[in-house]
Amino acid sequence: MLIAATVSLPFTLLAQQGKVGVDELLASPESYLGKNITVEGYCSHTCPHGSSKMFVRGEGRPLRVETGALGKFEKPVAKHNVSVEGVLKEQRIDEAYLSNWEKRLSAKKESCDSRENLCAADRKAHGGESTAEKTIAAYRKKIEERKAAEGKDYVSIYYFEASNCEVKE
């Protein structure tokens, strides 16, 4: 079995093998959007509520991988090197998205349902905030900063929708 330290192979070696490392993918995600590719990395976490997403990493920040048509990831993928085939997608977080999220939160508070808070892996991947309210405030700040710097009034969240997943031994 490979160890996590060996996951981040040089981009040229991975490209020759028809694969992309997580760090290379996240360094220039726009060039991979909508394309069917294979990503290799270390599965640092599988979400316990349904195993419908995992976080795969190289040396840097993690990439959220969702099961898509697979249904769920099997528990043995956690703490293993994986090869995941699928499509990179973009979720745009803008003011309309955040306002809708706040409305859902308000409705859930009225019904005593507070499960809107993010799991630890999601928090770490998206800025480390502990509650949905703090995450919304952090996104508003990021949107403001991006609009000032790039003229874009949204934040891009890139995630990978898997069509196949293999544990590397």
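Keep in mind the model is a prediction, meaning the values are calculated, not measured. (Residues numbered from 1 in each chain as written. Predicted model: local features only at pLDDT ≥ 70, side-chain atom pairs only at ≥ 80, totals over all residues. Heavy atoms only, no water.)

Chemist: Would you mind showing me how to read the pairing of strand β2 (residues 36-46) here?
Modeler: Successive residues of a regular strand alternate their side chains across the two faces of the sheet. Burial analysis of β2 places nine of its 11 residues in the buried class, the great majority of the element. Both strand β1 (residues 20-21) and β2 contribute to a ladder of two bridges, which runs parallel. Following the sheet pairing, Gly21 is matched in β2 by Glu40. As for the winding sense of the linkage, the β-α-β connection from β1 through helix α2 (residues 22-27) to β2 is right-handed. As judged from the seven bridges shared by β2 and strand β5 (residues 81-93), these two strands associate in the antiparallel manner. For Asn36, the partnering residue across the bridge sits in β5 and is Val87. Summarising the sheet, β2 and strand β3 (residues 53-57) pair through four bridges and their orientation is antiparallel. Across the sheet, the residue bridging to Thr46 is Met54, located in β3. What sits between β2 and β3 in their antiparallel hairpin is a turn of six residues, with Gly50 showing a positive phi close to 100°. (Buried < 20%, exposed > 50% of the residue type's maximum accessible area, 1.4 Å probe, protein only. Helix = DSSP H or I, 4+ residues; strand = E, 2+ residues; numbered from the N terminus. Pairing = 2+ DSSP bridges. Right-handed = clockwise from strand over helix to strand, strands pointing away.)

Chemist: Would you mind showing me how to read the pattern of salt bridges here?
Modeler: Opposite charge on two side chains permits them to pair, given that their charged atoms come into close proximity. One pass over the structure, following the stated rule, counts eight salt bridges. Its salt-bridge partner being Lys168, residue Glu40 comes within 3.6 Å of it at the nearest N-O pair. One end of the pair, Glu40, is in strand β2; the other, Lys168, is in the segment after β6 (155-167), and 128 residues separate them in sequence. Glu40 gets classed as buried once you look at its relative accessible area, which sits at 11%. Between Lys89 and Glu161 there is a salt bridge, with its nearest N and O atoms 3.5 Å apart. On the criterion of sequence distance, the pair formed by Lys89 in strand β5 and Glu161 in strand β6 is long-range, its members being 72 residues apart. Via salt bridges that share partners, Lys19, Glu40 and Lys168 belong to a single interconnected network. (Salt bridge = Lys/Arg side-chain N within 4 Å of Asp/Glu carboxyl O.)

Chemist: I tried to follow the nonpolar core on my own but got confused; where do I start?
Modeler: Proteins that are soluble and globular tend to have nonpolar side chains buried together. The biggest cluster of nonpolar side chains holds 21 residues, and the ones touching the most others in it are Leu25, Met54, Leu63, Val65, Val82, Val84 and Phe160. Those elements that place two or more of their residues in this core are α2, β2, β3, β4 (63-66), β5 and β6. If one sorts the elements of this core by residue count, β6 sits on top with four residues. One finds Trp101, Ala132, Tyr139 and Ile143 within the second-largest nonpolar core, a separate group that totals 10 residues. (Core = buried A, V, L, I, M, F, W, Y, C linked by side-chain atoms within 4.5 Å.)

Chemist: I would appreciate a short explanation of the confidence of the model for the chain in the present structure.
Modeler: Close reading of the predicted structure is inappropriate where its pLDDT is low. On average, residues of the chain score 81 in pLDDT, and 75% of them reach the 70 mark or higher. Model confidence for the chain, summarised as mean pLDDT per element, is weakest for helix α1 (residues 11-16) at 42 and strongest for α2 at 95. The low-confidence segment residues 1-17, where pLDDT is below 50, has 30 contacts with residues more than four positions distant or belonging to other chains. (pLDDT = per-residue confidence, 0-100. Contact = heavy atoms within 4.5 Å.)

Chemist: Sorry, what's going on with helix α5 (residues 132-150) here?
Modeler: Helix length check: α5, at 19 residues, gives a terminal C-alpha distance of 26 Å against a target of 27 Å (1.5 Å per residue), a fit within 8%. What α5 keeps buried is the set Ala132, Thr135, Ile136, Tyr139, Ile143 and Arg146. Along α5, the residues classed as buried sweep out an arc of 95° about the axis, all on the same side. More than 90 degrees from the buried face of α5, the exposed residues found are Lys141, Glu144, Ala148 and Ala149. Gly151, located one to two residues past α5, shows a positive phi value of around 80°. (Expected span 1.5 Å × (residues − 1). Arc of directions from axis to C-beta.)

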